[in-house]
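So the chains spell out like this:
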Amino acid sequence: MLLIRQVELDGVVGLDVRCREGRIDEVGRDLSKFPGETTIDARGGALIPGLHDHHIHLLALAASRRSVRCGPPEVTSTAELRTALTNAPGTGWIRGVGYVESVAGMLDREILDGFCGDRPVRIQHRSGKMWFLNSLACAQLGLEPSSDGQLFREDTLLRERLDHENIEQETLDVEATSAWLASYGVTGITETTHSNNDATVRLFGTLNLSQRVMLMGNERLADGPLKIMLDDYALPDIDAFRQRITTAHEHGRPVAVHCVTRTELVFAVSTLLEAGTIPGDRIEHASVTDDPAMELIARSGLTVVTQPNLIMERGSHYLDEVDHKDHPYLYRCRGFVDAGVPLGGGTDAPFGRPDPWAAMRAAVTRQTDDGRVIGECEALTPRQALALFTTHPDDPGGPERRIAPGEAADLCLLTHGWSEVQHALHSDVVAATIMDGVVTFERNKLT
Ligand SMILES: [Zn+2]
């Protein structure tokens, strides 16, 4: 049992909250302490629902933490890439992440051998779609000798062929990463990797995590949304795509369609409109949404899960690279809210940084890391930005989770009241995180 004293709850100060058996048991003033009960003195800090990251790749995030950065800002040239690989710590496999062609062009097996030939190397493109392997890596994975070392959307193959030692290390890494997420107040995640399947369910069953996990994945997953990837230069046959949606719906599974370009978005939404939508169907990213697409989405009843943190992290790149006519349509927020489209938030870590507070801040300021602003009129209020991360896992953009008797004790305690915190949306404001009634993070010793 856990008693949290003197919290601010929905603007009301001086309340105590008791958690018992993973649920909120009591909310009131001056609750008496039970023998043996752990207490936290909140000193007037706001108590909010634990944050739920609606779009994250936990396994990939864990792996990226022991990976070599192979892209900007750390690595921007061939020479820097060579140095990064040469100085990679440890022995055995080198796993590189964040690569973009501006560093050293399109990579392949031979080019990578030139950079590093004495350890197996695999480097992931920043989009997450592609891996580049050197000869030793190709050999260890049992690829054809003629392979060019480019693997496109082959994460399942990689996972299946990497040796056991890698897998055991992975378990420890995932648990440590989960504990790190707790320091941001995160008590739940939606693992959105398209290749998640029944084996992923078994893997998660063995892990000791600080978050509840909702999995989406492919047809080999029994429930949870079906994740469908789209590439606008290789769109699937429209009938096959519609059938895939219909079959998922017949199995009671909503779909989550990856749409980062205008073409992908219009293709997905118009097909979903034809197939018919069910609750839980969602569009991931909707990175470029012009007004006609917005109107289509609003009509479809679909939910959108966005990543405002990418405004900050990649915004300067977008402003330089994306057609200026599209700038007002990049990672919109307010536009969805005004159109009545339910809007949830996720960080897309490791492709974005896993800090929901940075995402909230970017949703409010719309600022890039070099101080420019994207889509000023798309700004949310701090309260709306928080709500991106405080809804139920299966209903991003739906009603916020409540802190009331009978509800799950998944909570985030802040260092100050909301009237102060809203002007300083920063992860430093997380004083403690509680998942299932258990403290998973304390900034300073509170219990
Ligand atoms: Zn993603």
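For the structure, check the block above.
Residues numbered from 1 in each chain as written. Predicted model: local features only at pLDDT ≥ 70, side-chain atom pairs only at ≥ 80, totals over all residues. Heavy atoms only, no water.

Engineer: Please clarify how the coordination of the zinc ion should be interpreted in this entry.
Structural biologist: Ideal values for angles at a metal depend on the geometry: 109.5 degrees with four tetrahedral donors, 90 or 180 degrees with six octahedral donors. Donor atoms from the polypeptide that bind the zinc ion are His55 (NE2), His57 (NE2) and Asp348 (OD), placed at 2.1 Å. On the primary sequence, the residues serving as donors to the zinc ion are separated as H-x1-H-x290-D. When its relative accessible area of 0% is taken as the criterion, histidine 55 is described as buried. (Donors = N, O, S within 2.8 Å, 3.2 Å for Na, K, Ca; no water. Buried < 20%, exposed > 50% of the residue type's maximum accessible area, 1.4 Å probe, protein only.)

Engineer: Explanation requested: the sheet that holds strand β18 (residues 343–345) in the structure shown.
Structural biologist: Backbone hydrogen bonds hold the strands of a sheet together, and the pairing may be parallel or antiparallel. Sheet architecture is open: 5 strands sit in the order β14-β15-β16-β17-β18, paired in parallel fashion. In this open sheet, the two edge strands, each paired with only one partner strand, are β14 (226–228) and β18. Strand-to-strand twist of the sheet, defined as the mean angle between neighbouring strand axes without regard to direction, takes the value 25°. With respect to the sheet, helix α10 (residues 262–275) is in contact with β15 (255–259) and β16 (282–285), its orientation differing from that of β15 by roughly 155°. (Pairing = 2+ DSSP bridges. Helix = DSSP H or I, 4+ residues; strand = E, 2+ residues; numbered from the N terminus. Axes fitted to C-alpha atoms, helices over the stretch in contact; angles between N-to-C directions. Contact = heavy atoms within 4.5 Å.)

Engineer: Would you explain helix α12 (residues 309–321) in this entry?
Structural biologist: Given 3.6 residues per helical turn, the α-helix brings residues three or four places apart onto the same face. Here α12 is 13 residues long and its end C-alpha atoms lie 18 Å apart, about the 18 Å a rise of 1.5 Å per residue gives. Along its length, α12 reaches its greatest deviation from straightness, about 70°, at glycine 315. The buried count for α12 comes to 10 of 13 residues, which makes it a mostly enclosed element. Within α12 the residues assigned to the buried category are Asn309, Leu310, Ile311, Met312, Glu313, Arg314, Gly315, Ser316, Tyr318 and Leu319. (Expected span 1.5 Å × (residues − 1). Bend = angle between axes of the 7 residues up to and from the residue.)

Engineer: Honestly, unusual backbone geometry in this entry has me stumped. Any pointers?
Structural biologist: A negative phi holds for most residues other than glycine; trans holds for most peptide bonds. Look at the link from proline 72 to proline 73: it is a cis peptide, with omega at 5°. Mapping proline 73 onto the fold places it in the loop between β7 (68–69) and α2 (78–86). Residues alanine 349 and proline 350 are joined by a peptide bond in cis, for which omega reads 10°. By secondary structure assignment, the location of proline 350 is in the loop between β18 and α14 (356–365). Backbone geometry places arginine 43, a non-glycine residue, at a positive phi of 50°. Among the secondary structure elements, arginine 43 is positioned in the loop between β4 (38–41) and β5 (47–49). Judged by its relative accessible area of 63%, arginine 43 is exposed. The backbone of arginine 366 sits at a positive phi, close to 60°, despite the residue not being glycine. Tracing the chain through its elements places arginine 366 in the loop between α14 and α15 (382–387).

Engineer: How should the environment of leucine 47 be read in this particular structure?
Structural biologist: Here leucine 47 shows up in strand β5. For leucine 47, a relative accessible area of 3% corresponds to the buried category. When the C-alpha atoms of leucine 47 and threonine 433 are compared, they prove to be 9.8 Å apart, with 386 residues separating the residues in sequence. Every residue in contact with leucine 47, bar those within four places of it in the chain, is listed here: Ile4, Val7, Glu8, Leu9, Val17, Ile403, Leu411, Cys412 and Leu413.

Engineer: What is the right way to read the nonpolar core from this model?
Structural biologist: Soluble globular proteins tend to pack their nonpolar side chains together in the buried interior. By size, the foremost hydrophobic cluster in this structure holds 64 residues, and its most contacted members are Val257, Ile283, Trp357 and Leu414. At 5 residues, α10 tops the list of elements feeding residues into this core. Inspection of this core shows a minimum of three residues originating in each of domain 1 (1–50 + 402–447) and domain 3 (225–400). Ignoring any residue separated from it by four or fewer positions in sequence, one finds leucine 414 in contact with Gly45, Ala46, Ile48, Trp357, Val421, Val429, Val430 and Ala431. (Core = buried A, V, L, I, M, F, W, Y, C linked by side-chain atoms within 4.5 Å. Domains from an automatic or database assignment.)

Engineer: Help me understand the sheet that holds strand β21 (residues 438–442), please; the structure alone is not making it clear to me.
Structural biologist: A sheet is described by the order of its strands in space; here 4 strands give the open sequence β5-β19-β20-β21, paired in antiparallel fashion. Because the sheet does not close on itself, it has two edges, and the strands there are β5 and β21. On average, each strand axis in the sheet is inclined to that of its neighbour by 25°, with strand direction left out of account. Where strand β20 (residues 430–435) lies against β21, 4 bridges are found, and the strand directions are antiparallel. Directly across from alanine 432, in β21, lies its bridge partner glutamate 442.

Engineer: I would appreciate a short explanation of the side chain of glutamate 284 in the present structure.
Structural biologist: With respect to the secondary-structure elements, glutamate 284 resides in strand β16. A distance of 2.7 Å separates the side chain of glutamate 284 from the side chain of histidine 55, its partner in a polar contact. What glutamate 284 contacts, discounting residues up to four positions off in sequence, is His54, His55, Thr192, Met216, Lys227, Ala256, Val257, His258, Cys259 and Val305. (Polar contact = N/O pair within 3.5 Å; in protein donor to acceptor, adjacent residues only side chain to side chain.)

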